[in-house]
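Structural overview for review
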Amino acid sequence: MSAPFRTHQGGRPDRARTLRFTFDGRTYDGHPGDTLASALLAHGVHLTGRSFKYHRPRGILSAGPEEPNALVELDAGPGRREPNSRATMVPLRDGLLARSQNRWPSLAWDAGALTGAAAALLPAGFYYKTFMGPGRAWEKLYEPLIRRMAGLGRAPAEADPDRYAQRYAHCDVLVVGAGPAGLAAALAAARGGARVILCDEQMEMGGSLLSQPGTRIAGLPGWEWLEVALAELRALKVRLLPRTTAFSYGLQNMVSLAELPERAEGPRERLWMVRAARVVLATGAIERPLPFSGNDRPGVMLADAARVYALRYGVLAGHRAAVLAAHDSGYEAAFALQAAGMEIAAILDPRAAPPADLLAEATGRGIRVLAGQGVARSLGGRRVTGLISTGGERIGCDLLLMAGGWTPSVHLFSQARGALRWDAARDAYLPDTAPEAVLCAGACQGSYGLGACLAEGHAAGGGHGAAPGAQPGREPSGMPTAQAVAGAAKAPMAFVDFQNDVQAKDIALAVREGFRSIEHVKRYTTNGMATDQGKTSNMVGLAIAAATLGQEIPAVGLTRYRHPVTPTGFGGLAGRHRGDLFEPIRRAPLHGWAEAEGALFEPVAQWRRARAFPRAGEDLHAAVLRECRAVRQAAGIFDASTLGKIEVVGPDAAEFLERLYVNPWKKLAPGRCRYGIMLREDGFVTDDGVVGRMAADRFHVTTTTGGAARVLHMMEDYLQTEFPELRVWLTSTTEQWAVIALQGPKARTILEPFVEGLDISAASFPHMSVAACRVMGIPARLFRVSFTGELGFEVNVAPDQAPALWRALMRAGAPHGLTPYGTEAMHVLRAEKGYIIVSQETDGTVTPDDAGLSWAVGKAKRDFVGKRSLARPEMRRRDRPQLVGLLPRGTVPQEGAQILASPGARMAEGHVTSAYWSPALDRPIALGLLAGGRERMGQTVYATVMGGAPIAMEVTDPVFLDKAGERVNA
Amino acid sequence: MLLIRCPHCGDRPEVEFRHGGEAHLARPPEPAALSDAEWAAYLHQRRNPRGPHAERWRHIHGCGRFFNAVRDTLTDRFLATYPTGAARPDGTQQGDPA
Ligand SMILES: [Zn+2]
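A word on the overall build of chain A. When its secondary structure is counted, chain A shows 25 helices and 51 strands. With the C-alpha coordinates aligned to their principal axes, the bounding extent of chain A is approximately 115 × 65 × 55 Å. Taken across its 970 residues, chain A has 58% of its residues classed as buried. Sequence-distant contacts, at least 24 apart, represent 66% of the contacts inside chain A between residues at least 6 apart. When the accessible surface of chain A is split by element, carbon and sulfur atoms take 54% of a total near 38,600 Å². With 109 positive and 97 negative side-chain charges, chain A shows a separation of 2 Å between the mean positions of the two kinds.

Laid out in structure tokens, this is it:
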């Protein structure tokens, strides 16, 4: 296959090797060293996508990371579809499969382009105005329409089969950008003995040198010097990272790099987190487009990009180019392209008096210059065929180049909290001072000559003596962009932000509608808010806003540069933190047994807990009813190992708990337990749990499953910072004890034969006792406690011994009807007894009294954490939400349902916190927080139902079963 | 990501630490003696300065100890870290309220 736009020779691609690729179903060829964009252009393909809002045909605008138009979908098979890839940054490889996006049914004929005709209906602020419009036009009309027709690419539906890596690295000097400035900096730093990392987003290092084969550095042709420099860097053990984008500059010189490794068998992306003593930014500059009617037509391109395609890739982007040059660099591009074999139809220079030396050279080359003229509009359909100049002349061309001056890439410097200063001579914001150890070199600080770039890089790298020599270039100049954009606001379809389809007139309209701050103009028009973050549009938009306001650019301000500087794949950010490794799952010691039994699991904090053990033919509801009945009638066995546990030890342990919990502890005798409640200093319940006193100076504290870490942190906080005089040591023992709960009237009968060294009869080991003993020969801490209202024990043993003990208890208990039960039955059983669950009955605004737990508060205590807050008038109001029982009529209400005083009431007076079908009562029961609830016993209230009639409920005592509490003493 | 100098362990990455709010706010020894307004001020009112700010950190995934730090809220730069109970170092005056 012939590539009609490929030059006969020259460029970096390896012409000896051919790669085949597919774009929109057609097969093309290219060479290693090509990008997808250069290979498409070699075949004359400019049209690569449709625009976001108007579905206008769009072509390749740039040759670099700033590309706003040529976003394609790469498809490397299931799970490897990658939308929004910039064709200018995709290295060509054999078999590459790419598709255009954002078009239907085809790229050439797009139904959505009809919106182009209706473009007048989509002005600046369209989204906001539509949101504010009457009725439901947004929901019904615009959003579905926009979602179908716009949309940037499709995410893959399958799981990603690839591997992603993450690495930390440290270095003395990180150099970002491997153009002449960056190379000089890396060389200088490495020669001085520094550990250096040099990264560059391109597939090949060299930056602007790659498109300057004719230049000479240190007496060598540019490309030869590049080879020598890279060889020396390798010899100096500099870590060279091509295809690696520095996308985020964090605090203390922590810079994030996204590497796309070349090797097929390695990770698809690698995220580097580099901490550098010093950072040298050599990130170059981006050429500005110019707004005129139809400046988005395929075949309209940045002038320097066309030069790069010709000299770096050996591809002519057209046969006959017209150049709109508001900046000297347009001439340089025109001369280079002419030398490469392109016809130059004309240079249109809006300046009345272009520089004399450039005019002379153009004349000498036979290139016509139209001074004082711009482009009124481009001609053509899906490809440019010519232009009309502002003087009214018609000029034919198949390539229209824009040279609007340069915008230094200060994104990373700005992220380093560097201040920018406006440089009127260079018509750009340049780096000023930064709090980080960061230096800039070359075009990113407005130095465009090769000699200056090398010298600045050499100095930034800490080099001594002379920098690699190069001829000083001429100092370029241009028409300030604020002047060059004059008149654009009146031109239809003069685009500023190509990716978000923002026109010059949109920005002018926003200013006329009263937006003054550039941050507001940006959001209102969406200028610069697309995935390219406005790399080609920010300065042009700013210039239009300034011109419309009649102000200088610095008076209008500058928008911030966000992270990431360029779009970065999620895969690299996620690394290995996905699937099973996304978040650690904690499995209790008896997890394997429950899994083998076919338990249903539920996540509780990071734990997985058995929710129920359904038998064949049972659904969850049936299983829960059976498990509950077994506990009430015989006995149940329950894995409570996930309970948080903290060992509180020391001579002042009792005093410490006295201060941390509402309860009194000093008189609690060793061998006894107490239900403890912990408040925050603001008086609200934060945790609860049974605390056993093992000895005068040793407490076994339990916490909620989800609260263990929080409680230990809070205890450490008070111990270290408020009560450092207390001699207390805190140890997390959550995973040192597995907990097997036996609950039910037969619990003692089943357990007793296993216990050695302890009499667990009702008389000698009453409810709320604790003791160290042996159970089946295993050292244990045995608690007599109940969270079901039944006679109950909790056996604490070492986790590795727990499965054996559990199986033995199961065997011994089988004749007595011992039944394993899960968390769902546990919830029902405790609700029947009115026992609260912290974070279900409480929500951070519930006091002990609200929860009906005043009895637990040590009234004689002088102080404890939260006590002072309980004395606030607000905390003593009688209409505070109080815990009540609710007897719903008919069905079980939803947890979280609002409680109303009457079915039609507009204001909620509380909410349902728990609701279940109670097997013991054979009816629905619920707990709730109800304003002044304890004075409303017997009243009828209503639980809201989404889309249904409220459920009537009778307010009652929260203890539904065994109000006298006799069953625990069995 | 910040590098934070634990006074007990040295420089460690930010992810090993947990922030603990404003420093040098001692719990009143007799909360009951305080008026509601005074207690509310202790509970809720914080300086939120623009500039150097003394705050508590805990090296929760390291030695587990609380310590104090003076950090410039404008630059995120740490001016000093020091053990709990030690006085605020000289030259780290509080910034103005924001
Ligand atoms: Zn530490």
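Mapped onto the fold, A:Glu824 is located in helix α24 (residues 823-832). If sequence neighbours within four positions are ignored, A:Glu824 has contacts with A:Arg611, A:Val624 and A:Tyr916.

All names here are of chain A. Pairing within the open sheet is mixed, and its seven strands lie in the order β41-β42-β43-β44-β40-β34-β45. The sheet is open, and its two edges are formed by β41 (755-756) and β45 (818-820), each paired on a single side. Two strands pair when backbone bridges link them, and strand β42 (residues 769-775) and strand β43 (residues 778-784) are joined in this way by seven bridges, in the antiparallel orientation. Note on β43: the bridge partner recorded for Arg774 is Pro779. Its contacts with the sheet put helix α23 (residues 802-813) on β34 (635-639), β40 (738-743), β42, β43, β44 (792-797) and β45, and the angle it makes with β40 is roughly 15 degrees.

On to the side chain of A:Asp687, then. All names here are of chain A. As for its placement among the helices and strands, Asp687 is situated in strand β37 (residues 685-695). Take Asp687: its relative accessible area is 1%, and that puts it in the buried class. Within polar-contact distance, the side chain of Asp687 engages the side chain of Thr704 at 2.5 Å. Here the side chain of Asp687 touches Arg710 through a polar contact of 3.4 Å, side chain to side chain. Once residues within four sequence positions are removed from consideration, Asp687 is found in contact with Gly676, Ile677, Met678, Thr703, Thr704, Gly707, Arg710, Val711 and Val838.

The next point concerns the coordination of the zinc ion. All names here are of chain B. Distances from the zinc ion to its protein donors, namely Cys6 (SG), Cys9 (SG), His59 (ND1) and Cys63 (SG), fall within the range 2.0 to 2.3 Å. Coordination geometry of the zinc ion: the four donor atoms subtend angles of 105 to 115 degrees at the metal centre, consistent with an arrangement described as tetrahedral. In terms of primary sequence, the donors binding the zinc ion are separated according to C-x2-C-x49-H-x3-C. Exposure remark for Cys6: the relative accessible area of 2% places this residue in the buried category. Owing to a relative accessible area of 26%, Cys9 belongs among the partly exposed residues under this scheme.

A word on the nonpolar core. All names here are of chain A. With 76 residues, the main nonpolar core has Phe21, Phe23, Leu36, Met301, Tyr309, Leu400 and Leu401 as its most contacted residues. Counting residues domain by domain, this core receives three or more from each of domain 1 (19-119) and domain 3 (289-404). Ranked by size, the runner-up nonpolar core spans 36 residues in total, among them Leu829, Val857, Phe864 and Leu883.

Take α23(A) next. Compared with the 16 Å implied by 1.5 Å per residue over 12 residues, the 16 Å span of α23(A) between its first and last C-alpha is a close match. Among all positions of α23(A), only A:Ala802, A:Leu805, A:Trp806, A:Ala808, A:Leu809, A:Met810 and A:Gly813 are buried.

Another point: the interface of chain B and chain A. Contacts between chain B and chain A engage 28 residues on the former and 26 residues on the latter. Taking both partners together, chain B and chain A bury about 2,400 Å²; carbon and sulfur atoms supply 47% of that area. Area buried by chain B at its contact with chain A is led by B:Met1, B:Arg27 and B:Phe66, which between them contribute 29% of it. Run the count over chain B and chain A and you get six salt bridges.

Turning to the pattern of salt bridges, a few remarks are in order. Residue and element names in this part refer to chain A. Within this structure, the stated rule accounts for 62 salt bridges over all chains. Note that Glu647 and Arg698 form a salt bridge whose closest N and O atoms lie 2.8 Å from each other. Of the two residues, Glu647 is situated in strand β35 (residues 644-649) and Arg698 in strand β38 (residues 698-703); the sequence distance between them amounts to 51 residues. In this structure Arg698 comes out as partly exposed when scored by relative accessible area, which is 32%. Salt-bridge contacts for Arg710 lead to Asp687; the nearest nitrogen and oxygen are separated by 3.4 Å. Of this pair, Arg710 sits in helix α21 (residues 708-722) while Asp687 sits in strand β37, placing them 23 residues apart in sequence.

All names here are of chain A. Counted under the stated rule, the structure contains 18 aromatic pairs over all chains. Aromatic side chains Tyr661 and Trp665 sit 5.7 Å apart centroid to centroid with 80 degrees between the ring planes, which places their arrangement in the edge-to-face category. Look at Tyr661 and you get buried, because its relative accessible area is 2%. Within the aromatic cluster, the residues linked to one another by ring pairs are Trp593, Phe613 and Trp806. One cation-aromatic arrangement involves Arg58 over Phe495; the distance from NZ or CZ to the ring centre is 4.7 Å. Above the face of the Phe723 ring, Arg659 is positioned so that its terminal group lies 4.7 Å from the ring centre.

What follows deals with the sheet that holds strand β20 (residues 369-371) of chain A. All names here are of chain A. Strands sit in the order β17-β24-β18-β19-β20 across an open sheet of five strands; the sheet is parallel. On the outer flanks of this sheet lie β17 (300-302) and β20, each paired with one strand and no other. Taking each pair of neighbouring strands and ignoring which way they run, the sheet shows an average axis angle of 20 degrees. Where strand β19 (residues 343-349) and β20 come together, three bridges link them in parallel fashion. Pairing of Ile347 across the sheet is with Val369, part of β20. The sheet contacts of helix α7 (residues 303-311) involve β17 and β24 (399-403), and relative to β17 the element is tilted by about 85 degrees. Along the sheet, helix α8 (residues 329-339) contacts β18 (320-325), β19, β20 and β24; its crossing angle with β19, the most-contacted strand, is approximately 175 degrees.

What follows deals with the domain arrangement of chain A. Under the domain assignment, chain A is made up of domain 1 (19-119), domain 2 (163-285 + 406-476), domain 3 (289-404), domain 4 (586-642 + 737-820), domain 5 (644-732) and domain 6 (867-970). Distance between the C-alpha centres of domain 1 of chain A and domain 4 of chain A: 63 Å.

With that out of the way, let us pick up helix α6 (residues 222-235) of chain A. Residues and elements named next belong to chain A. In this model α6 runs 20 Å from its N-terminal to its C-terminal C-alpha over 14 residues, within 8% of the 20 Å that 1.5 Å per residue would give. Among the residues of α6, Gly222, Trp225, Leu226, Ala229, Leu230 and Leu233 are the ones counted as buried. An end-on view of α6 places all buried positions within 130 degrees of arc, on one side of the element. Exposed and facing more than 90 degrees away from the buried side of α6 are Arg234 and Ala235. With its phi angle positive at about 65 degrees, Lys237 sits one or two positions after the end of α6.

Our focus in this paragraph is the pairing of strand β6 (residues 66-72) of chain B. Residues and elements named next belong to chain B. With seven of seven residues buried, β6 lies mostly within the body of the structure. The alternating pattern of β6 places Phe66, Asn68, Val70 and Asp72 on one face and Phe67, Ala69 and Arg71 on the opposite face, and all of these are buried. Relative to β6, strand β5 (residues 52-58) is paired through seven bridges, and the arrangement is antiparallel. If you follow His53 over to β6, its bridge partner there is Arg71. Two strands pair when backbone bridges link them, and β6 and strand β7 (residues 78-83) are joined in this way by five bridges, in the antiparallel orientation. Within β7, the position partnered with Ala69 by the bridge is Thr81. The turn linking β6 back onto β7 is made up of five residues, and Asp76 within it adopts a positive phi angle of 65 degrees.

Conventions we followed
- Residues numbered from 1 in each chain as written.
- Chains lettered and ligands numbered in written order.
- Predicted model: local features only at pLDDT ≥ 70, side-chain atom pairs only at ≥ 80, totals over all residues.
- Heavy atoms only, no water.
- Helix = DSSP H or I, 4+ residues; strand = E, 2+ residues; numbered from the N terminus.
- Buried < 20%, exposed > 50% of the residue type's maximum accessible area, 1.4 Å probe, protein only.
- Contact = heavy atoms within 4.5 Å.
- Areas by Shrake-Rupley, 256 points an atom, 1.4 Å probe, with all protein chains shown as cover.
- Lys, Arg positive; Asp, Glu negative; His and termini not counted.
- Charge placed at Lys NZ, Arg CZ, Asp CG, Glu CD.
- Pairing = 2+ DSSP bridges.
- Axes fitted to C-alpha atoms, helices over the stretch in contact; angles between N-to-C directions.
- Polar contact = N/O pair within 3.5 Å; in protein donor to acceptor, adjacent residues only side chain to side chain.
- Donors = N, O, S within 2.8 Å, 3.2 Å for Na, K, Ca; no water.
- Tetrahedral: all angles 85-135°; square planar, octahedral: opposite > 155°, others 65-115°.
- Core = buried A, V, L, I, M, F, W, Y, C linked by side-chain atoms within 4.5 Å.
- Domains from an automatic or database assignment.
- Expected span 1.5 Å × (residues − 1).
- Buried area = accessible area lost by both parts, 1.4 Å probe.
- Salt bridge = Lys/Arg side-chain N within 4 Å of Asp/Glu carboxyl O.
- Phe/Tyr/Trp six-rings, centres within 6.5 Å; stacked < 30°, edge-to-face > 60°.
- Lys NZ or Arg CZ within 6 Å of the ring centre and 35° of its normal.
- Arc of directions from axis to C-beta.

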